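Chains, contacts and geometry: an overview
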Amino acid sequence: MAHGSSKDKLTGKAKEAMGKMTGNRRKEAEGKAEQVKARAKEAADDAQKRIPGKSGPKDPLITDDE
């Protein structure tokens, strides 16, 4: 799990809970949306790890002949 996605998931859960407690449906929806965004990030990261020969973004300043 990527660090950013776990932060988004936690923030989303907090917003959703705060929205439920205060009756703020907009805040609750924002929280749910952040959780979905975090799950999408995790899925993209997992998919990228499964692609053979792809270990993530390469540093453009480093070439194979170095």
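Residues numbered from 1 in each chain as written. Predicted model: local features only at pLDDT ≥ 70, side-chain atom pairs only at ≥ 80, totals over all residues. Heavy atoms only, no water.

A few points about the overall build of the protein chain
The helix and strand inventory of the protein chain stands at 2 helices and 0 strands. The buried share among the 66 residues of the protein chain stands at 18%. Contacts in the protein chain between residues at least 24 apart in sequence constitute 38% of all its contacts with a sequence separation of at least 6. With an accessible surface of roughly 5,500 Å², the protein chain has 57% of that area assigned to carbon and sulfur atoms. (Helix = DSSP H or I, 4+ residues; strand = E, 2+ residues; numbered from the N terminus. Buried < 20%, exposed > 50% of the residue type's maximum accessible area, 1.4 Å probe, protein only. Contact = heavy atoms within 4.5 Å. Areas by Shrake-Rupley, 256 points an atom, 1.4 Å probe, with all protein chains shown as cover.)

Thoughts on the side chain of Q35
Note that Q35 resides in helix α2 (residues 25–50). Looking at Q35, its side chain comes within polar contact range of the side chain of E16, at 2.7 Å. (Polar contact = N/O pair within 3.5 Å; in protein donor to acceptor, adjacent residues only side chain to side chain.)

A few points about the pattern of salt bridges
The final tally for this structure, using the stated rule, is 7 salt bridges. Between K15 and E30 there is a salt bridge whose closest N-O contact spans 3.9 Å. With a gap of 15 residues between them, K15 in helix α1 (residues 3–22) and E30 in helix α2 connect regions that are remote in the sequence. For K15, a relative accessible area of 25% gives the class partly exposed. With a shortest N-O distance of 2.6 Å, K15 and E34 are connected by a salt bridge. Of this pair, K15 sits in helix α1 while E34 sits in helix α2, and the two are 19 residues apart along the sequence. (Salt bridge = Lys/Arg side-chain N within 4 Å of Asp/Glu carboxyl O.)

Honestly, that's just the spatial picture; any functional story needs more than this.
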